[in-house]
Amino acid sequence: MLNLRTPKRIVILGGGTAGWFAALTLRRIFSANVEVRVIESSQIGIVGVGEGGLLNIHDALLRNQIDIKEFMAETDATFKWGFSYEGWRTGKADDKFYHLFTSARGEGAQWVEGGFLPYYSALINQGVPLESWIRGFQLIKNNASMEEAIKAVDEDRTDLVTSFHFDSYKIAKYMKKVALSRGVVHEDVLVKDFVRNEEGLVTKLITEKGEVELDFLIDSSGLTRQVMAKMPGARWQTFKDYLLMDSAIPFYMPHPNKNPMLITRAITMDAGWMWQIPLSTRVGAGYVFSSKHKSEADAIDEIQKYLGFEIEPHKTIRFDPGCYEQVWIKNVMSLGLSSGFVEPLEATSIGQMIEQLRNFERVLVSSQGIISENSIREYNEANLASWHGIRDFLRMHYDCTRNDTPLWQEVNKSPMTDRYAEFRKCIQERTPHLIDVENYAINGWGGIFHPVNWMSVAVPLGLVPVSAAGMDLLWLSKDKQQKALDFVKKVQEKGW
Ligand SMILES: Cc1cc2nc3c(=O)[nH]c(=O)nc-3n(C[C@H](O)[C@H](O)[C@H](O)COP(=O)(O)OP(=O)(O)OC[C@H]3O[C@@H](n4cnc5c(N)ncnc54)[C@H](O)[C@@H]3O)c2cc1C
């Protein structure tokens, strides 16, 4: 049992996006006589990437009483309505598909029958691209301005769910400002070590200026994983057999189009792929690659040839894709990069961090601070299952047909996880159903991605045969089949 009923001090090690989100959450939960302290070192700084959110960021900002307009202005934010995947099938310039943020919004997703979405099954069965019915898609295609996008949202002319692109330094700075105004204590000092008592609880951090006593520690120290890496029982689970990317070269570039795009681009390269994240002032970009297939110098050369101009690369980031099997051990919880990381192909890191915090809040509040080891164990199991969902979703992106370079040839042959292989067999016979993602929903945890998200990638990659969607429709009564087919006809006639 862990007693957090009357803690004196909660320490958050790290002042990146994860640390400040945690600070705002804990300041909100605990009464004013509990100190919430963020310790970070300006000598180390933050990772300085991570500029695209997922569907849950809007709610997380509201949950923490952040004013959305102020957030957007202070972080150079733009709307993020999804992703475009470019070159994943043929590697050619005209090879593009979209994974848009619609999930449960819009007419197509409203009707659920027997755990599947008949309108989607009908679209797949009739070979109609899934984005065609989505109101607002034309704004993305026509490179609409942010003013037009905001107007469309205000006038309810879009089915898209709004997430954001934002500047990673400015988000940390802005959240710090808000957190300090709410009484969060801040200390800029290098942490060198920590002390545990005979029960294994961390009681103090040793900094270069002295000791800081604590009752609970959030380790959000980024890729250095200062505390969790040294906690007895912490086991790292690598995903490197399934996800081959292990390096990234970030850089900034100007907007390629008139207006910032309303989506993140993921463009395949010879040994990986390039992200382009449009902010109001610049594009944050980077080449994620497999170091086995490309050196750093060759990667920079390839970027410059592709873009047609010279870049100023930031420091290359190396990573082992994976996560801790237990992110919560005793009175320490790792969060953000310190808990795990996989390539940012679906920008999952901040999204997963937000889910982890949301569930931490749920456990804390519903236990009234008297937390049983059972809850901690189940929390860890659910968190790991969520990571497995992310791992498998990313692996599915590499179940693609591009095969013109050694990396893409190896990708085609790389192993699948048992979970993904089993899911893949099922979607030969029917579309992805709610049950496939609800499996991840242990103890009320939702998987980050809905069947609509899985279909948005699986269908363009050719992983869901037309016949599988037909089998869904056959399961319906005749009038329901007709209703689904009438919807497709309407979509085709409207010519969205
Ligand atoms: C290449 C790349 C691309 C990414 N793209 C995306 C994306 O598109 N979308 C997304 O959601 N996520 C993305 N991420 C992940 C995203 O960057 C992180 O989830 C997010 O920035 C949160 O980082 P963090 O707060 O965990 O760590 P950091 O920002 O690295 O912060 C770590 C903090 O710990 C402090 N610290 C470390 N050691 C010590 C010490 N010894 N003493 C004192 N302080 C210490 C540092 O000073 C810093 O304040 C990407 C990551 C990478 C590597």
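Residues numbered from 1 in each chain as written. Predicted model: local features only at pLDDT ≥ 70, side-chain atom pairs only at ≥ 80, totals over all residues. Heavy atoms only, no water.

Colleague: Mind showing me how you'd approach the UniProt feature "active site" (unreviewed entry) in the protein chain here?
Modeller: The feature "active site" (unreviewed entry), as annotated in UniProt, sits at K80 in this numbering. At 3.0 Å, the side chain of K80 and the backbone oxygen of G53 are in polar contact. (UniProt positions renumbered as here; feature names shortened; annotations may be inferred. Polar contact = N/O pair within 3.5 Å; in protein donor to acceptor, adjacent residues only side chain to side chain.)

Colleague: Is there a simple way to think about the packing of helix α1 (residues 17-29) against helix α8 (residues 168-181) in this case?
Modeller: When two helices pack together, their arrangement is given by the angle between the helix axes and by the axis-to-axis distance. Interaxial distance between α1 and α8 falls to 9 Å at its minimum, and their mutual angle equals 20°. Relative to α8, α1 is oriented roughly parallel. Two packed elements cross with a definite hand, and for α1 against α8 that hand is left-handed. Taken together, the residues of α8 that come into contact with α1 (itself represented by T17, W20, F21 and L24) are I171, A172, M175, K176, V178, A179 and L180. Here the residues of the contact of α1 with α8 sort into nine nonpolar, one polar and one charged. (Axes fitted to C-alpha atoms, helices over the stretch in contact; angles between N-to-C directions. Helix = DSSP H or I, 4+ residues; strand = E, 2+ residues; numbered from the N terminus. Parallel < 35°, antiparallel > 145°, perpendicular 65-115°, else oblique. Left-handed = near helix turned anticlockwise from the far one by under 90°. Contact = heavy atoms within 4.5 Å. Nonpolar A, V, L, I, M, F, W, Y, C, P; charged D, E, K, R; others polar.)

Colleague: I keep staring at the packing of aromatic side chains and nothing clicks. Help me out?
Modeller: Within a pair of aromatic rings, the relevant descriptors are the distance that separates the centres and the angle that separates the planes. In this structure the tally under the stated criterion is 29 aromatic pairs. When the centroid spacing of 5.4 Å and the interplanar angle of 25° are considered together, the rings of Y85 and F97 count as stacked. Note that Y85 is positioned in strand β5 (residues 82-86) and F97 in strand β6 (residues 96-100), a separation of twelve residues in sequence. Its relative accessible area of 0% is what places Y85 among the buried residues. F97 gets classed as buried once you look at its relative accessible area, which sits at 5%. When the ring centre of Y252 is taken as reference, the NZ or CZ atom of R282 above it lies at 3.7 Å. The cationic tip of R391 hangs over the ring face of Y242; the distance from NZ or CZ to the ring centre is 5.8 Å. (Phe/Tyr/Trp six-rings, centres within 6.5 Å; stacked < 30°, edge-to-face > 60°. Buried < 20%, exposed > 50% of the residue type's maximum accessible area, 1.4 Å probe, protein only. Lys NZ or Arg CZ within 6 Å of the ring centre and 35° of its normal.)

Colleague: Could you clarify how one ought to interpret the site of the ligand in this entry?
Modeller: Neighbouring the ligand are 35 residues; G15, G52, V191, S349 and I350 lie closest to it. Between the ligand and the protein, one listed contact pairs an oxygen atom with a side-chain N or O atom of S349 at 2.6 Å. I350 places a main-chain nitrogen or oxygen 2.8 Å from an oxygen atom of the ligand. The protein chains hide 98% of the 1,000 Å² of surface that the ligand would expose on its own. Residue assignment for the shell around the ligand shows that the elements contributing at least two residues are α1, β16 (272-278) and α10 (348-366). In terms of residue class, the shell around the ligand is made up of 18 nonpolar, 15 polar and two charged. (Near = heavy atom within 4 Å. Areas by Shrake-Rupley, 256 points an atom, 1.4 Å probe, with all protein chains shown as cover.)

Colleague: Is there a simple way to explain α8 in this structure?
Modeller: Structurally, the α-helix is built with 3.6 residues per turn, so residues lying three or four positions apart point the same way. Given a rise of 1.5 Å per residue, 14 residues ought to cover 20 Å, and the 20 Å separating the end C-alpha atoms of α8 matches this to within 8%. Residues of α8 that are buried include every one of S168, I171, A172, Y174, M175, V178 and A179, and no others. Down the axis of α8, the sector holding all buried residues measures 165°, keeping them to one side. Seen from the open side of α8, the exposed residues pointing more than 90 degrees away from its buried face are K173 and S181. In this fold, the buried residues of α8 make contact with α1 and α3 (68-74). Where α8 begins, one side-chain oxygen reaches toward the backbone nitrogen of Y169, 2.8 Å away; that side chain belongs to D167. (Expected span 1.5 Å × (residues − 1). Arc of directions from axis to C-beta.)

Colleague: I'm lost on the UniProt feature "binding site: FAD" (unreviewed entry) in the protein chain in this one. Help?
Modeller: UniProt records the feature "binding site: FAD" (unreviewed entry) for G15, G16, T17, A18, V191, L337 and I350 in the present numbering. These annotated residues cover 336 residues of sequence, and their C-alpha atoms reach 23.8 Å apart at the extreme, placing them across more than a single site. In contact with G15, other than residues within four places in its own chain, are W20, V38, E40, I46 and A172. Position of T17 among the secondary structure elements: in helix α1. When neighbours within four sequence positions are excluded, T17 is seen to be in contact with I171, I350 and M353.

Colleague: Explain the environment of D193 here, please?
Modeller: Along the chain, the position of D193 falls in strand β9 (residues 191-196). A relative accessible area of 37% means that D193 is categorised as partly exposed. Sequence spacing of D193 and V227 is 34 residues, and the spatial spacing of their C-alpha atoms is 7.8 Å. Filtering out sequence-adjacent residues up to four positions away, D193 remains in contact with L205, I206 and K230.

Colleague: I keep staring at unusual backbone geometry and nothing clicks. Help me out?
Modeller: Phi is mostly negative for residues that are not glycine, and the peptide bonds are mostly trans. If you check the backbone angles, K330 has positive phi at about 55° while not being a glycine. You can see K330 is positioned in the loop between β20 (328-329) and β21 (332-334). Using a relative accessible area of 36% as the deciding quantity, one classes K330 as partly exposed. Unusually for a residue other than glycine, A347 sits at a positive phi of about 50°. Relative to the helices and strands, A347 resides in the loop between β22 (340-341) and α10.

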